[in-house]
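The residues making up each chain are set out below.
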Amino acid sequence: MRRKWLTLALLPGLALLAGGGGCASGPEPVAESKPDEQPAAEQQEQIATPLTEEDKPVVAAAPAPAQEEKGKQQSAAPPQPAALDEQTSGLLATAAETAASDPQRAMSLIDQAISSQARCAPCYYDKAVLLERTGQLRQAEAAYRQALAINPSHAESVINLSRLLLRTGRTRAALQAVSAAVRVSPRDLALRNHLSDVLLQMGRLEQAAEQAKGVLAVDERNTDAMLNLSRAYHLWGKLELAERILLKAKEIDESDARIFNRLGFVYLDMDNTSAAIAAFKKAVELDGSLAEARNNLGVLYARAHDYQAAAEQFRQAVAQDAGFLAALLNLGNALRGAGRFKDAEQAYLQVLQRQANQPEALFNLGLLYLDDEVPGLDKIKRYQAAVKYLESFSRTGQSHPKLAEYLKEARKKHERAVKAEQRRRKREEEKKRREAERKRREEEKRRQAELEKKRLEEKRRQEELERRRREAEGVGGGKLGGGKDEELAPGGKLGGGKDDEPAPGGKLGGGKDDEPAPGGKLGGGKDEEPVPGGKLGGDEK
């Protein structure tokens, strides 16, 4: 049975300002906030007073000098950072060109730029972006803070630092970082917009809306402020008002992919899925690097069970922002839906490599091992892993209504798998025993056959030797030699001397003259004696 995985999150597009001549950070993934978080009193006091129409002339003109302070809202003019020299600018430009293909070389070039010009906020900013892209978040945070130590109002560093802090769950630290920059440069609209964005992500919708309205009071065509204000209305459930603001922003800038990304959210909550898909597709078409838009389009493909198309969008989102964990988690879900279980496993494990104990990754890995045949793992290891990751999910403090049921099932399956393996091994051992016995009997039979063969061969050899011995002794119908003359065997001639004597029925030689056998003549000397019934001849008659 396929369990439902956790988190196919759609994510709002965020404002992004590229650093001057340096590497730009990709937009950070942040889930929609809920309007139920109530700020503490001391936190409310940290928020700068929103801008008003009275600030409009000041913002339109050059930054006001320190003596033109307006109450507590304004502070001394921020220190002006030193301009980049030609060598430093060249090094940063080359680093930006090589950052994607050779991050190590890009980092070396940035370090050279810092050595060339130590008080270089863009240098540390670019270094921080590169560190963040390679997953070195602590080092990235330190580099952003170094950039801000040189230039406290460096908007790009403030924005990226606050997003990094939000990603790691330090919302109050993110708010403090942005608020500190706003106090240094209260009329910086980019910082004001980002303050509104952070407040939105913290669920402080009213304060976020006030900051956005303040920016629009001095710049009515500021699309970043429109995006933030529409998002506040959206979270309040005022969908038509949110749509109206976004359509106005679209009239101002039809090339802004973030506007279409936010429209996609509004249309989804209006139950207009086709319009939402069209909006997300338009956002991707306008800006293929807008990772949130790709993620959101992928979510809708996944909901339509087009997992291959969804996986491609999630993969592109992760390629644009390696730290986009929600997209990486969604990639694992889409790959699992497509039946690519080994690839899904790798995606979940990558999430855990970047954020150990990430709850959704732990839970989804547990379900993957519980339900699906993951190549390279037998059932015992699979179910053991399912128990391990579901228990780890439980230890994060997160809950799921069927967690206890899943854990019970995983443990039972593991126990059954162990017993089945024991039975299999027993059968295998018995099979091997029988096979060994069969081979032993066959070997014994072969050995006996060999012995019988050798016995018969030995018997034949002995018989052959005996035959030859008898032949050599003249026994059994052969000839026996006894002198110069040979004697015939019965029915032949027998040699016994010079004169031959006939065998019975033949002639017997005893001298010069032969004498007949019975019925003939017998020679015996001068006097002959007749045989019965005949004559006896001698010398005289």
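Summarised in this report is the structure supplied together with it. Computed from a predicted model, the values in this text were never measured in an experiment. (Residues numbered from 1 in each chain as written. Predicted model: local features only at pLDDT ≥ 70, side-chain atom pairs only at ≥ 80, totals over all residues. Heavy atoms only, no water.)

In this structure, asparagine 222 sits in the loop between helix H10 (205-218) and helix H11 (223-236). At a separation of 3.2 Å, a polar atom in the side chain of asparagine 222 contacts the main-chain amide nitrogen of aspartate 224. For asparagine 222, the side chain forms a polar contact with the main-chain nitrogen of alanine 225, separated by 3.0 Å. (Helix = DSSP H or I, 4+ residues; strand = E, 2+ residues; numbered from the N terminus. Polar contact = N/O pair within 3.5 Å; in protein donor to acceptor, adjacent residues only side chain to side chain.)

This next bit is on the packing of helix H20 (residues 379-395) against helix H21 (residues 403-473). Viewed as axis vectors pointing N to C, H20 and H21 meet at an angle of 155°, and their least axial separation amounts to 8 Å. If you check the angle between H20 and H21, you find them roughly antiparallel. Seen along the crossing, H20 lies across H21 with a hand that is left-handed. Between H20 and H21, the residues in contact are Lys379, Ile380, Tyr383, Gln384, Ala386, Val387, Leu390, Glu391, Phe393 and Ser394 and Leu403, Tyr406, Leu407, Ala410, Arg411, Lys413, His414, Ala417, Val418 and Glu421, respectively. For the contact of H20 with H21, the residue count by class is 12 nonpolar, 3 polar and 5 charged. (Axes fitted to C-alpha atoms, helices over the stretch in contact; angles between N-to-C directions. Parallel < 35°, antiparallel > 145°, perpendicular 65-115°, else oblique. Left-handed = near helix turned anticlockwise from the far one by under 90°. Contact = heavy atoms within 4.5 Å. Nonpolar A, V, L, I, M, F, W, Y, C, P; charged D, E, K, R; others polar.)

Looking now at the packing of aromatic side chains. Evaluated as defined, the whole model comprises 6 aromatic pairs. Here the aromatic rings of phenylalanine 265 and phenylalanine 280 are separated by 5.8 Å at their centres, their planes lie at 90°, and the arrangement is edge-to-face. Of the two residues, phenylalanine 265 is situated in helix H13 (residues 257-269) and phenylalanine 280 in helix H14 (residues 273-286); the sequence distance between them amounts to 15 residues. Seen from their ring centres, tyrosine 369 and tyrosine 389 are 5.8 Å apart, and the 35° between their planes marks the pair as tilted. (Phe/Tyr/Trp six-rings, centres within 6.5 Å; stacked < 30°, edge-to-face > 60°.)

What follows concerns the pattern of salt bridges. Tallied over the full model, the rule gives 34 salt bridges. Among the ionic pairs, aspartate 197 bridges to arginine 231, the shortest N-O distance being 3.2 Å. With aspartate 197 in helix H9 (residues 189-201) and arginine 231 in helix H11, this residue pair connects regions lying 34 residues apart in the sequence. Owing to a relative accessible area of 2%, arginine 231 belongs among the buried residues under this scheme. Across the salt bridge formed by arginine 433 and glutamate 430, the nearest N and O atoms sit 2.5 Å from each other. Placement of the pair is arginine 433 and glutamate 430 together in helix H21, with a separation of 3 residues, close to one helical turn. On the accessibility criterion, arginine 433 (47% relative accessible area) is partly exposed. Judged by its relative accessible area of 31%, glutamate 430 is partly exposed. (Salt bridge = Lys/Arg side-chain N within 4 Å of Asp/Glu carboxyl O. Buried < 20%, exposed > 50% of the residue type's maximum accessible area, 1.4 Å probe, protein only.)

For H10, with 14 residues, the first-to-last C-alpha span of 20 Å sits near the 20 Å given by 1.5 Å per residue. Judged by how many residues are buried, H10 sits mostly within the fold: 10 of 14 residues are covered. Inspection of H10 places Leu205, Gln207, Ala208, Ala209, Gln211, Ala212, Gly214, Val215, Leu216 and Val218 among the buried residues, and these make up the whole buried set. (Expected span 1.5 Å × (residues − 1).)

Right, let's talk about the state of the cysteines for a bit. If you walk through the whole model with that rule in mind, you get 1 disulfide. The disulfide partner of cysteine 120 is cysteine 123, and the S-S distance across this bridge is 2.1 Å. Taking the torsion about the sulfur-sulfur bond, which here is approximately 75°, the covalent link between cysteine 120 and cysteine 123 counts as right-handed. (Disulfide = S-S within 2.5 Å.)

By themselves, these figures tell us nothing about what the structure is for.
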